[in-house]
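Results of the structural survey
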Amino acid sequence: MNNQPVSLLIQGGRLIDPSQGLDEIGSLLISEGKISWLGRGEITPPHPGYDVLHAQGLIVCPGFVDLHCHLRQPGFEEKETIATGTQAAARGGFTTVCCMPNTNPPLDNQATIDYVKSTAATEGVVRVLPIGCISKGRAGEELAGLSELKSAGVIAFSDDGEPALNSRLMRQALDWSRDLDLPITDHCEDTALSEGGVMNEGITSTRLGLGGIPNAAEEIIVARDLTLAQLTGGRLHIAHVTTEGSVDLIRRAKEKGIRVTAEVTPHHLTLTEERVTGYDTNAKVNPPLRTRRDIQALIQGLKENVIDIIATDHAPHTEADKSGEFASAAFGISGFETALGSLMSLVRDGELTLTTLISKLTYEPSRIIKNEKLGTLAIGASADVTIFDPEREWVVDTKAFASKGRNTPWAGSVLKGKVMATIAQGKLVYKDDLIKGEFKRGEAPLQRKSSPSP
Ligand SMILES: [Zn+2]
């Protein structure tokens with residue numbers, strides 16, 4: 001794989017960039033790690049010295065930005081590392097990933113953030129933006145040094161994996177979020193209600209004899225934290241929304257002008273609780289897969305911008321973590337590599353337009369973290385580009401995953417829609433083997449030293 005920065009001409013693809021209202025057949029030039037030119041149709045390479053990547057029939061869009069993933073390093077390197085996690089992200093078309101702080105030690109101070117950033121700089125293949133803890137040690141008692149964490153470079157605060165159940169602590173965190181202008185990413189779960197639950201509460205959990213997690217376990221905390229966001233004027237970002245009731249609460253809060261954004265995962269948009277039938281621990285996730293009715297509300301929420309973005313909640317685990325009884329297996333899905341393939345079913349079913357889907361993976365997340373160089377193909381932006389084939393069918397082979405986490409409910413399934421190449425900060429970080437030879441480097445001889453602007 002060519003990992004050097006390249007001057008690259010992406011020729012003849014369908015350029016879709018919601019940040020510019022762009023959807024047309026065109027070509028894109030990349031040099032020195034930035035988008036240097038784009039325009040309609042195919043063009044003659046302006047100067048020898050560009051690699052040429054033929055994208056006819058493919059979608060060319062901004063690299064995906066994921067505001068919620070777990071890279072597991074430091075502390076849980078048997079599940080994932082920054083190296084393997086970012087390689088998996090590249091295969092999934094993600095060029096920026098924001099990693100959650102539930103590591104060991106947790107990311108609650110400058111030193112741990114420095115560690116993640118320096119490891120990502122040397123071992124990562126895509127941009128890693130860390131999220132810092134809300135509370136010291138993620139213990140939910142005392143506020144972490146949020147100002148110090150911002151200086152260290154975090155883009156949000158979260159105790160994800162656990163809710164911040166102490167209302168006073170959440171109020172303080174939201175006060176800080178207002179002053180620091182960074183969101184609090186909220187894992188909404190009333191753990192007294194969800195305790196013992198391993199799937200959605202309903203007829204299916206009763207039939208399977210499994211403990212249920214009611215929708216109310218999520219909605220109670222969503223309601224509380226919207227109230228606190230209103231009280232403080234803080235910036236609240238609701239992680240992994242799964243219920244119709246949560247969508248209603250967020251809709252009403254937005255109507256009132258409360259500063260809230262929200263995300264939904266690919267699995268909560270495409271799989272129902274029925275997937276748990278058969279006790280497949282790969283479908284065990286927190287919050288749990290819900291019902292068709294909830295999914296319809298989530299999709300409606302996306303269409304109305306009540307839910308702003310799609311985030312993977314990539315949560316890799318070892319085989320041992322996921323084996324054994326359903327009740328005792330770990331929660332989580334390894335999500336980077338199947339995100340696009342699963343989401344494209346929503347486009348084919350007419351639930352979302354392709355432009356909306358891409359916007360929720362690119363422009364909208366970049367807006368939440370207020371980084372206008374990401375999630376766009378605008379000239380001068382970081383050369384983060386994802387190229388995918390909306391029609392390509394492929395079998396999910398977990399043995400071929402870059403992620404150490406093989407825990408996916410799509411193992412062995414056929415998905416339609418596949419990432420074919422990913423360019424991160426001007427580097428080709430992933431290219432699909434199946435299309436070897438289709439992206440040819442060619443018309444222009446390769447002389448990297450000359451990379452003039454066109
Ligand atoms: Zn969570």
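The text that follows walks through the structure, step by step, so that each part is easy to find. (Residues numbered from 1 in each chain as written. Predicted model: local features only at pLDDT ≥ 70, side-chain atom pairs only at ≥ 80, totals over all residues. Heavy atoms only, no water.)

Bringing the overall build of the protein into the picture now. From N to C terminus, the protein includes 14 helices and 17 strands. Taken over C-alpha atoms, the radius of gyration comes to 21 Å for the protein, in line with the 22 Å a tight globule of 454 residues would show. Look at the contacts in the protein between residues 6 or more apart in sequence, and 75% of them connect residues 24 or more apart. Split by element, the accessible area of the protein, about 16,800 Å² in all, is 48% carbon and sulfur. Side chains of the protein give 47 positive and 58 negative charges; the mean places of these two sets differ by 4 Å. (Helix = DSSP H or I, 4+ residues; strand = E, 2+ residues; numbered from the N terminus. Rg over C-alpha atoms; globule rule 2.2 N^0.38 Å. Contact = heavy atoms within 4.5 Å. Areas by Shrake-Rupley, 256 points an atom, 1.4 Å probe, with all protein chains shown as cover. Lys, Arg positive; Asp, Glu negative; His and termini not counted. Charge placed at Lys NZ, Arg CZ, Asp CG, Glu CD.)

The subject of this paragraph is the nonpolar core. The nonpolar side chains of a soluble globular protein tend to be buried, and buried together. One finds Val97, Phe157, Ile238, Leu269 and Phe388 to be the most contacted residues of the largest nonpolar core, which totals 77 residues. It is helix α12 (residues 339–348) that provides the largest number of residues to this core, a total of six residues. Those residues in contact with Ile238 that lie beyond four places of it in its chain are Asp186, Cys188, Val222, Ile250, Val260, Thr261, Ala262 and Glu263. Judged by nonpolar contacts, the second largest core, of 21 residues, contains Ile30, Ile35, Leu377 and Val385. (Core = buried A, V, L, I, M, F, W, Y, C linked by side-chain atoms within 4.5 Å. Buried < 20%, exposed > 50% of the residue type's maximum accessible area, 1.4 Å probe, protein only.)

All right, on to the sheet that holds strand β6 (residues 64–69) then. Taken in spatial order, the three strands line up as β6-β7-β8 in an open sheet, and their pairing is parallel. The open sheet is flanked by β6 and β8 (127–130), the only strands paired with a single partner. The average angle at which neighbouring strand axes cross in this sheet is 20 degrees, direction not considered. Here β6 runs beside strand β7 (residues 94–99); their pairing, made up of four bridges, is parallel. (Pairing = 2+ DSSP bridges. Axes fitted to C-alpha atoms, helices over the stretch in contact; angles between N-to-C directions.)

Below, the discussion takes up the coordination of the zinc ion. Those protein atoms acting as donors to the zinc ion are Asp160 (OD), His187 (ND1) and His240 (NE2), and they sit at 2.0 to 2.3 Å. When the donors of the zinc ion are listed by position in the chain, the intervening gaps give D-x26-H-x52-H. Placement of His187 in the loop between β9 (184–186) and α5 (191–194) and of His240 in the loop between β12 (236–238) and α8 (244–255) is noted, with a sequence separation of 53 residues between them. (Donors = N, O, S within 2.8 Å, 3.2 Å for Na, K, Ca; no water.)

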